[in-house]
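Coordinate analysis (summary)
Here's the letter readout for the chains.
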Amino acid sequence: PATHPTTPACGRRAGAAVRMVAAPARSKPVSSDVSPVTLTRFIIEEGMANADLSHLKDMENLMAAIQLACKKIASLVSRAGITNLTGLESGGGAVNVQGEEQKKLDVLSNEVLKNALRFSGKMGVMASEEEDKPVLVEETFSGNYICVFDPLDGSSNIDAGIATGTIFGIFEDNGQCLTQDWEDEIDEAEMQCMTATMQPGKNLVAAGYCMYSSSTNLVVTFGDGVHGFTLDPSIGEFVLTNHDMKIPEDGKIYSFNEANQPNWDPVLQKFIAEYKTRGYSSRYIGSMVADVHRTIMYGGIFGYPGDKKNPNGKLRLLYEGAPMSFLIEQAGGISTTGTERVMDIEPKSVHQRVPVILGSKNMVQEIVDAYKSQSN
C-alpha cells in the first residue's frame with residue numbers, strides 16, 4: 001500500500017531546531033480579569049523581591065486581618081441606614097477618652113478591627129482612638145507588632161452618607177508586653193511597658209487607610225512606595241489598581257476648615273488668602289481619609305492646623321498624623337506641623353494631638369519656608 005509522509009504536529013518541519021525566545025521584562029501589572037493582583041499576592045511578590053525587608057513576611061498575616069476587617073466595616077457602613085446603625089451609641093451620652101460622642105459604628109468598627117488583629121497571631125499591642133488606653137493581646141495569640149488605628153475616621157458624616165475610612169499604622173514591638181488576659185486591668189508595670197512602645201512615625205513599618213465611598217479603596221505602604229487596591233465585590237478581594245502612587249509636586253486644591261480661619265496664625269491666614277488670589281479651589285470634606293485620598297490623587301494641600309482654641313490641632317498623632325504622614329512622604333509629598341516634621345515627633349501620650357499640614361511637595365514647602373523665615 002502507498003505510504004504517506006508523516007506531517008509534524010503544528011506544521012513544524014521535522015528536525016527543525018527549537019528556538020528559545022526571551023520572555024519580556026517583567027513589569028508590575030494592574031489587575032485584570034484574567035490574573036488579578038490581589039493584596040495577598042502583591043505582598044507575597046514584594047516579599048520575594050525584597051528579601052531584606054523581613055517584616056513583609058509578617059505583613060501577610062497582618063494585612064489579611066486588616067483587609068478582612070475593612071471588608072466587614074465597608075459592609076456595615078453601606079448598610080448602616082437600613083440596619084439601624086446610624087446615630088449615636090446608646091442613644092447619646094457615650095463618649096470616648098477625648099470627650100467626643102461616639103457613633104454606633106465607631107464602637108462596632110473598633111471591635112471588628114480589634115478582633116481581626118487579635119487573631120492574626122502577630123499583634124502584641126493595639127492602640128485605638130476609641131480606647132482609653134492600649135490593649136495587650138493575650139500570650140496565646142501575641143506577636144511582635146503594635147497597631148495604632150482610627151477605626152472609623154469621619155464618622156460624623158455617616159448619617160449623611162459621606163465618605164469615611166479606617167486609618168492604621170504598624171510598628172515593630174521590641175519589648176515584651178504580654179498579659180494572661182487581654183481584658184484584665186492593666187497594672188502600672190504593664191502601662192510603663194506600653195508607654196515604651198509609643199514610637200515616632202519614622203519607626204513605622206507599614207501604614208495605610210481604607211476609604212468607604214463609591215468604591216472601597218485600600219491604600220498602603222510597607223516603606224517602599226504607596227500602592228492602591230480596590231475591593232472587587234464580584235470576587236471579594238482587594239485588587240491592585242494604582243501601583244506606586246505619586247502625589248503631584250504642585251496642585252491647585254487647598255483643603256482646610258476655613259470656619260477656623262480667624263483663629264489661625266498670620267502665616268497660614270496669608271497663604272489661604274493667596275490661594276484664593278491664585279484661583280485655587282477649596283475642597284474640604286471633613287473626613288481625613290477622603291481629603292487625603294483626593295490630595296494624593298490630584299495634588300494639593302490638606303491641613304488641620306493649631307489655632308487659638310486648639311493650639312495642637314485636633315488630629316491624633318499616633319492614629320492619624322503619623323500613619324498619614326508616612327503615606328504622604330512615601331508618595332513624594334511633605335507632612336509637617338508647620339515647623340516640624342510630623343514623622344519625627346516623639347509621642348508623650350497615646351492620645352496626643354498634633355497640627356498637620358500635608359500634601360504636594362512644593363505647596364507644603366512654601367509654608368515651611370514661611371514659618372522658618374518668621375522664626376528668623
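Residues numbered from 1 in each chain as written. Predicted model: local features only at pLDDT ≥ 70, side-chain atom pairs only at ≥ 80, totals over all residues. Heavy atoms only, no water.

Regarding the overall build of the protein
The secondary structure content of the protein amounts to eight helices and 15 strands. Evaluated residue by residue, the protein yields a buried proportion of 51% over its 376 residues. For the protein, the proportion of contacts with a sequence separation of at least 24, taken over those separated by at least 6, is 64%. (Helix = DSSP H or I, 4+ residues; strand = E, 2+ residues; numbered from the N terminus. Buried < 20%, exposed > 50% of the residue type's maximum accessible area, 1.4 Å probe, protein only. Contact = heavy atoms within 4.5 Å.)

Description of the packing of aromatic side chains
One pair of aromatic rings is described through two measures. These are the centre distance and the angle between the planes. The full count for this structure, using the stated rule, is five aromatic pairs. With a centroid separation of 6.1 Å and an interplanar angle of 50 degrees, the aromatic rings of phenylalanine 271 and tyrosine 275 are classed as tilted. With phenylalanine 271 and tyrosine 275 both in helix α5 (residues 266–278) and four residues apart, this pair spans about one turn of that helix. For the pair formed by phenylalanine 271 and tyrosine 275, the shared burial category is buried. With 5.5 Å between their ring centres and 25 degrees between their planes, tyrosine 275 and tyrosine 280 make a pair best called stacked. Like tyrosine 280, tyrosine 275 is buried. The rings of Tyr254, Phe271, Tyr275 and Tyr280 are connected pair by pair, giving a single aromatic cluster. (Phe/Tyr/Trp six-rings, centres within 6.5 Å; stacked < 30°, edge-to-face > 60°.)

What to know about the packing of helix α1 (residues 39–49) against helix α2 (residues 55–78)
The description of two helices packed together rests on the angle between their axes and the distance between the axes. With their axes 9 Å apart at the nearest point, α1 and α2 run at an angle of 170 degrees to one another. By the angle class used here, α1 and α2 are roughly antiparallel. In this structure, α1 uses Leu39, Thr40, Ile43, Ile44, Glu46 and Gly47 to contact α2, whose residues at the interface are Leu56, Met59, Glu60, Met63 and Gln67. Its residues assigned to classes, the contact of α1 with α2 shows six nonpolar, three polar and two charged. (Axes fitted to C-alpha atoms, helices over the stretch in contact; angles between N-to-C directions. Parallel < 35°, antiparallel > 145°, perpendicular 65-115°, else oblique. Nonpolar A, V, L, I, M, F, W, Y, C, P; charged D, E, K, R; others polar.)

Some remarks on the nonpolar core
Grouped together as the largest cluster of nonpolar side chains are 45 residues, with contacts concentrated most on Met59, Met63, Ile170, Leu218 and Phe222. Looking at which element gives the most residues to this core, the answer is α2, with twelve residues. The residues contacting isoleucine 170, other than those within four sequence positions of it, are Met59, Leu62, Ile66, Tyr145, Ile146, Cys147, Leu204, Val205 and Ala206. Val289, Tyr319, Ala331 and Val350 belong to the second-largest nonpolar core, a separate cluster that totals 41 residues. (Core = buried A, V, L, I, M, F, W, Y, C linked by side-chain atoms within 4.5 Å.)

Here's the deal with helix α6 (residues 288–298)
Counting buried positions along α6 yields nine of eleven residues, so the element is predominantly enclosed. Residues of α6 that are buried: Met288, Val289, Ala290, Asp291, Val292, His293, Arg294, Thr295 and Ile296. One or two positions beyond α6, positive phi appears at glycine 299, with a value near 85 degrees.

Some points on the sheet that holds strand β10 (residues 281–282)
Sheets are built from strands that pair by backbone hydrogen bonding, the pairs being arranged parallel or antiparallel. Strand order in the open sheet formed by five strands is β10-β9-β11-β15-β13, and the pairing between neighbours is mixed. Since the sheet does not close on itself, it has two edges, and those belong to β10 and β13 (334–336), each with one partner. Those strands touched by α6 are β9 (253–255), β11 (301–304) and β15 (356–359), and its axis lies near 155 degrees from that of β11. (Pairing = 2+ DSSP bridges.)

Here we look at the environment of valine 239
You can see valine 239 is positioned in strand β8 (residues 237–242). Accessibility expressed as a relative area gives 9% for valine 239, which makes it buried. Between the C-alpha atom of valine 239 and that of arginine 41, which follows or precedes it by 198 residues, the distance is 9.2 Å.

Thoughts on helix α8 (residues 361–375)
Under the 1.5 Å per step criterion, the end-to-end length of α8 is 21 Å for 15 residues, consistent within 8% with the ideal 21 Å. Here α8 has its buried residues at Met363, Val364, Ile367, Val368 and Tyr371. With its buried residues spanning 135 degrees around the axis, α8 presents them on a single face. Buried-residue contacts for α8 involve β9, α5, β11, β13 and β15. (Expected span 1.5 Å × (residues − 1). Arc of directions from axis to C-beta.)

Points about the side chain of serine 120
Here serine 120 is to be found in the loop between α3 (104–118) and β1 (123–128). Under the relative-accessibility criterion, serine 120 is labelled buried at 9%. Among the polar contacts made by the side chain of serine 120, one reaches the main-chain carbonyl oxygen of leucine 117 at a distance of 2.8 Å. Contacts of serine 120, omitting those with residues within four sequence positions, involve Asn61, Leu62 and Ala65. (Polar contact = N/O pair within 3.5 Å; in protein donor to acceptor, adjacent residues only side chain to side chain.)

Focus: the confidence of the model for the protein
Low-pLDDT stretches of the model should not have their predicted coordinates read in fine detail. Residues at a pLDDT of 70 or more form 81% of the protein, whose mean pLDDT is 86. The model gives residues 20–24 a pLDDT under 50, and that stretch makes zero contacts with residues more than four places away or in other chains. A low-confidence stretch, residues 178–183 (pLDDT under 50), is modelled with 17 contacts involving residues beyond four sequence positions or located in other chains. (pLDDT = per-residue confidence, 0-100.)

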